[in-house]
Amino acid sequence: MRRPVIAGNWKMYKTANETRAFFRAFLSEVSRPTHCDILVAPPFPALPVAVECTRDFGIGIAAQNLYWEPEGAFTGEVSARMLVDAGCRAVIVGHSERRQFFGETDESVERKTKAALDSGLTPIVCVGELLSERESHLTEAVLKGQFEGGLAALTPAEFSRILIAYEPVWAIGTGRTATPEIAAEAHRYIRSLAAARFTSEHASALRILYGGSVKPENIKGLMLQKEIDGALVGGASLEPKSFAAIVNNW
Ligand code: 13P
């Protein structure tokens, strides 16, 4: 049985004070959850407050990015060691917005994933195709390229510690969710890549989250698919009631 994960990616939203207000409201909506793992990824400056607010509630705090060097003259970057020191448990790697706007590549995804693992963080590695790629029947080729370019160099032991998020770019922030069947089909394909590169045990233990316009209204349909092991939620994780409804309805 794979334990579900519900993760919130706040992107570039919320100050430290807004983070405190969010958790005050959110924690009154969710009883200490035992049915799933909860992760929240605020922007860097809000990480310490988020860690402080969630310490006694079994909620993990994640960063949205990292750099692979432990320290050095890399202006504007943050290392895995610094994230661990700030209290993070996990980190998002290779989000499509980083690929699209900040030049992230499969190679940087691989280096960041390794650096996160070496520091004891759980990487949440994002993959997913553009609308034009889906329409050109390239979804599987894109997923294969991202998997092989970003993850194939991991050792089996390292691979067993990562989460993958399937986030079709056309479903992010558009209100256009992949149907549960479309998402499940992509998850099945990613799992087959894991089985081919690692072992069928690694594939069946791998937790794959779906991301892209997840809301309280569509979470039930997604969770009914046994291939879908949770969600990476953007917009709907910013509002305490809607994120709590997603957690409570899984
Ligand atoms: P939305 O839920 O706002 O579509 O964002 C998804 C996402 O990018 C999560 O990482």
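Attention here is on the structure that accompanies the text. Keep in mind that what you see is a predicted model, and the values were worked out from it rather than measured.

## A word on the pattern of salt bridges
Here is step 1: Counted according to the given criterion, the structure contains 15 salt bridges.
Here is step 2: As a salt-bridge pair, glutamate 29 and lysine 241 come within 2.8 Å of each other at their nearest N and O atoms. Of the two residues, glutamate 29 sits in helix H1 (residues 16–29) while lysine 241 sits in helix H12 (residues 240–249), which places them 212 residues apart along the sequence.
Here is step 3: Overlapping salt bridges bring together Arg2, Arg191, Glu227 and Asp229 as one network.

## Considerations on the pairing of strand S1 (residues 5–9)
Here is step 1: Among the 5 residues of S1, 5 are classified as buried, and the element is accordingly described as predominantly covered.
Here is step 2: Neither face of S1 is exposed, since Val5, Ala7 and Asn9 on one face and Ile6 and Gly8 on the opposite face are all buried.
Here is step 3: The pairing of S1 with strand S2 (residues 37–41) spans 5 bridges and is classified as parallel. What sits directly across from alanine 7, in S2, is leucine 39.
Here is step 4: Between the parallel pair S1 and S2, the chain is carried across by H1, and the sense of this crossover is right-handed.

## Regarding the site of the ligand
Here is step 1: Close to the ligand lie 13 residues, the nearest being Lys11, His95, Gly173, Ser213 and Gly235.
Here is step 2: One of the side-chain nitrogen or oxygen atoms of glutamate 167 is found 2.9 Å away from an oxygen atom of the ligand.
Here is step 3: Interatomic distance of 2.6 Å between a backbone N/O atom of glycine 173 and an oxygen atom of the ligand.
Here is step 4: With the chains in place, 95% of the 310 Å² that the ligand exposes on its own is no longer accessible.

## Some details on the nonpolar core
Here is step 1: Membership of the largest hydrophobic core comes to 66 residues, with the highest contact counts inside it found for Phe23, Phe26, Ile162, Ile164 and Tyr210.
Here is step 2: Ranked by residues supplied to this core, first place goes to helix H9 (residues 180–197) with 6 residues.
Here is step 3: Residues in contact with phenylalanine 23, not counting those within four places in the same chain, are Trp10, Val40, Ala50, Cys53, Thr54 and Ile61.
Here is step 4: Core analysis: the second largest hydrophobic core is formed by 13 residues, Val5, Ala7, Leu163 and Leu232 among them.

Rules used in this analysis
Residues numbered from 1 in each chain as written. Predicted model: local features only at pLDDT ≥ 70, side-chain atom pairs only at ≥ 80, totals over all residues. Heavy atoms only, no water. Salt bridge = Lys/Arg side-chain N within 4 Å of Asp/Glu carboxyl O. Helix = DSSP H or I, 4+ residues; strand = E, 2+ residues; numbered from the N terminus. Buried < 20%, exposed > 50% of the residue type's maximum accessible area, 1.4 Å probe, protein only. Pairing = 2+ DSSP bridges. Right-handed = clockwise from strand over helix to strand, strands pointing away. Near = heavy atom within 4 Å. Polar contact = N/O pair within 3.5 Å; in protein donor to acceptor, adjacent residues only side chain to side chain. Areas by Shrake-Rupley, 256 points an atom, 1.4 Å probe, with all protein chains shown as cover. Core = buried A, V, L, I, M, F, W, Y, C linked by side-chain atoms within 4.5 Å. Contact = heavy atoms within 4.5 Å.

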